[in-house]
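Here's the letter readout for the chains.
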Amino acid sequence: MQLFTPIEYMQIEIANLHGIDKCNYEDRLEWFNTLFDPADIPRCESPNQARVAYQEYQRILRGLPSNYCISLDATASVLQIIAVIMNCRKTAQQSNVIGHTRNDPYTSIHMATGLTGVSRKDCKRAIMTYCYSSHKVPKEVYGDSIDTFINAMIQEVPSAINYLELTQSLWNSDKTYHSWTLPDNFNVVLPSMVTATETVYVLGEPITVQYEVLGTKKHSKELSANAIHSIDSLIVREMVARCGHGLLHTRVDKELETKLDKLAEKTGFKSARLLYLNPDRKNEFVLPEPSFHIISVHDCFKCNHLYGNELRQTYNQILFELANSDILGSIVSDLTRTKMTFDKTDTEWFSEILDADYSLT
């Protein structure tokens, strides 16, 4: 993995804030050193943030301390998660889980459609919603060419289609809720809500009122999105725990520690929540040194500019461990109440995850 100095991370940050975020790092650094003009800051999407970044950059150059937090975003986190849990090298390459070139899956899929009447921006909207099982936006964007869009998805990110087919088949029409447990013992409960209608009378006049109640539904696409969201939230919790070494809220809870060990055995993923319970188990994890605090906004992670390398390495490590786990098999087992495992045959590319340059960028 390419490593950078704190000064270079500040330069990359300023480039990103100027919209130079979809090219390789060396190109961003070259842009900063040859083309950056502070006079352009007011034209940034977030000019105040860009102005603060540049001011802090100048402070750092003068040798002054700075608490400025750089931001590094996951590229298409939904596709990254699907790639590692579905064991798909092609999707992993497209979403920068592996590789040393900054790929943009939205552009790749957009170009694969061959349709000139749709913008990349609208294509991105279609991809993001389609990966969560929604066909409404893709149909609005592509109309009669929806099959062309789906074929482009199959070509560029095949595991996304396979994931949707799998998770949509798991809906149980007899259940009023679906649930599963994540490796850190966070329990997901997805209630099945249906619309009820009742007539009430106001001043003697009947009014029809609709509201949602717990019930059963013949079919729903909800599982696809919620399973991904749950793993996404797991990654955030793991990032916070691992970067901070879990030392902020250490407490003793042997019962929970035992449960987490059992979940690690079941899912194949050991959660760093253990560090909050027993800091002596630090040697069981690959942790950054020294520890540092992060702020997360969904799949955007912010940390002091001193720890950019460690932040990226920690994110890669978590993706690597998820790829080697059977977290999908565990979720399916919980949903079906039947023990399920997914054998991963093509695992040679997993080691490449640790060396990826643009999973966070």
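Structure's up top.
Note that the structure is a prediction, hence the values are computed from the model and not measured.

Here is what the cut-offs are and how they apply
- Residues numbered from 1 in each chain as written.
- Predicted model: local features only at pLDDT ≥ 70, side-chain atom pairs only at ≥ 80, totals over all residues.
- Heavy atoms only, no water.
- 1 Å grid on protein atoms, 1.4 Å probe; cavity = no way out; pocket = protein on both sides within 12 Å on 5 of 7 lines; lining within 4 Å.
- Points joined across faces, edges and corners; volume = space filled by probe spheres on them.
- Helix = DSSP H or I, 4+ residues; strand = E, 2+ residues; numbered from the N terminus.
- Nonpolar A, V, L, I, M, F, W, Y, C, P; charged D, E, K, R; others polar.
- Pairing = 2+ DSSP bridges.
- Axes fitted to C-alpha atoms, helices over the stretch in contact; angles between N-to-C directions.
- Buried < 20%, exposed > 50% of the residue type's maximum accessible area, 1.4 Å probe, protein only.
- Salt bridge = Lys/Arg side-chain N within 4 Å of Asp/Glu carboxyl O.
- Phe/Tyr/Trp six-rings, centres within 6.5 Å; stacked < 30°, edge-to-face > 60°.
- Lys NZ or Arg CZ within 6 Å of the ring centre and 35° of its normal.
- Core = buried A, V, L, I, M, F, W, Y, C linked by side-chain atoms within 4.5 Å.
- Contact = heavy atoms within 4.5 Å.
- Disulfide = S-S within 2.5 Å.
- Patch = residues over 30% accessible without salt bridge, like charges linked within 9 Å, V, L, I, M, F, W, Y side chains within 5 Å.
- Areas by Shrake-Rupley, 256 points an atom, 1.4 Å probe, with all protein chains shown as cover.

Undergrad: Before we go on, may I ask you to explain the layout of surface pockets in this structure?
TA: A water-sized probe, rolled over the atoms, reveals where empty space remains. Roughly 940 Å³ of volume is contained in the largest pocket. In terms of lining residues, the largest pocket is bounded by 29 residues, among which Asp21, Lys22, Asp73, Ala74 and Lys124 are the most central. Of all elements in the fold, only α1 (6–17), β1 (69–73), α4 (77–86), α6 (105–113), α7 (120–130) and β7 (300–304) reach the threshold of two or more residues within the lining of the largest pocket. The residue inventory of the lining of the largest pocket, partitioned by class, reads nine nonpolar, nine polar and eleven charged.

Undergrad: Looking at this structure, how should I read the sheet that holds strand β6 (residues 294–297)?
TA: Think of a sheet as strands paired side by side through backbone hydrogen bonds, with each pair either parallel or antiparallel. If you walk across this open sheet you meet the three strands as β1-β7-β6, and the pairing is antiparallel. Either end of the sheet is taken by a strand with one partner, and the two such strands are β1 and β6. Neighbour-to-neighbour, the strand axes of this sheet turn through a mean angle of 25°, independent of strand direction.

Undergrad: How do you make sense of the pairing of strand β5 (residues 205–214) when you look at a structure like this?
TA: Counting buried positions over the ten residues of β5 gives zero, only a small fraction of the element. Pairing geometry for strand β4 (residues 193–202) and β5, over ten bridges, is antiparallel. When the sheet's bridge partners are listed, Met193 is paired in β5 with Leu214. Linking β4 to β5, which pair antiparallel, is a turn of two residues; within it Leu203 sits at a positive phi near 55°.

Undergrad: Is there a simple way to think about the pattern of salt bridges in this case?
TA: Close approach of charged atoms allows side chains with opposite charge to pair. This model, assessed by the stated rule, comprises 17 salt bridges. A salt bridge links Asp104 to Arg120; the nearest nitrogen and oxygen atoms lie 2.9 Å apart. Of the two residues, Asp104 sits in the loop between α5 (89–94) and α6 while Arg120 sits in helix α7, which places them 16 residues apart along the sequence. Glu238 is paired through a salt bridge with Arg242; the nearest N and O atoms lie 3.0 Å apart. Taken as a pair, Glu238 and Arg242 lie in helix α11 (residues 222–243) at a separation of four residues, close to a single helical turn. With respect to class, Glu238 is no different from Arg242; both count as buried. Linked by salt bridges that have partners in common, Lys254, Glu257, Asp261, Lys270, Arg281 and Glu284 make up one network.

Undergrad: What am I meant to see in the packing of aromatic side chains here?
TA: Within a pair of aromatic rings, the relevant descriptors are the distance that separates the centres and the angle that separates the planes. As enumerated under the stated definition, the model contains twelve aromatic pairs in all. Every member of this aromatic cluster is reached through a ring pair, and the members are Trp31, Phe32, Phe36, Tyr54 and Tyr57. Positioned above the aromatic ring of Phe186 is the side chain of Arg237, whose terminal nitrogen or guanidinium carbon lies 3.7 Å from the ring centre.

Undergrad: Before we go on, may I ask you to explain the nonpolar core in this structure?
TA: Buried together is how nonpolar side chains tend to be arranged in soluble globular proteins. Residues Phe149, Met153 and Leu311 are the most contacted members of the largest nonpolar core, which totals 91 residues. When residues of this core are assigned to their parent elements, the largest contribution, nine residues, is made by α11. Ignoring anything within four residues of it in the chain, the contact list for Met153 reads Ile109, Ile127, Tyr130, Cys131, Pro158, Ala160 and Ile161. Formed by nine residues, the second largest nonpolar core is a distinct cluster that contains Leu260, Leu274, Phe285 and Leu287.

Undergrad: Can you help me understand the state of the cysteines in this one?
TA: Taken as a whole and judged by the stated rule, the model has zero disulfides. We note that Cys243 lacks a disulfide partner, and the nearest cysteine sulfur, in Cys303, lies 7.3 Å from it. Given the relative accessible area of 0%, Cys243 is considered buried.

Undergrad: In this structure, what is going on with the side chain of Ser95? I would like to understand it.
TA: Topologically, Ser95 is positioned in the loop between α5 and α6. Excluding residues within four positions of it along the chain, Ser95 makes contact with Thr75, Ala76, Leu79, Gln80, Ala83 and Pro105.

Undergrad: Quick question: what am I supposed to make of a nonpolar patch on the surface here?
TA: Taken together, the side chains of Val200, Val202, Leu203, Ile207, Val209 and Tyr211 define a hydrophobic patch exposed on the protein surface, amounting to about 520 Å² of accessible area. Ranked by the residues each element gives to the nonpolar patch, the list is headed by β5, at three residues. When you line up the elements, Ile207 lands in strand β5. On the accessibility criterion, Ile207 (39% relative accessible area) is partly exposed.

Undergrad: When you look at α4 in this model, what are you seeing that I'm missing?
TA: Given 3.6 residues per turn, any residue in an α-helix points the same way as the ones three and four places further on. Among the ten residues that make up α4, nine are buried, leaving the element largely enclosed by the rest of the structure. Burial in α4 covers these residues: Ser77, Val78, Leu79, Gln80, Ile81, Ile82, Ala83, Val84 and Ile85. Where α4 ends, the next residue or the one after it, Asn87, has phi of about 60°, a positive value.

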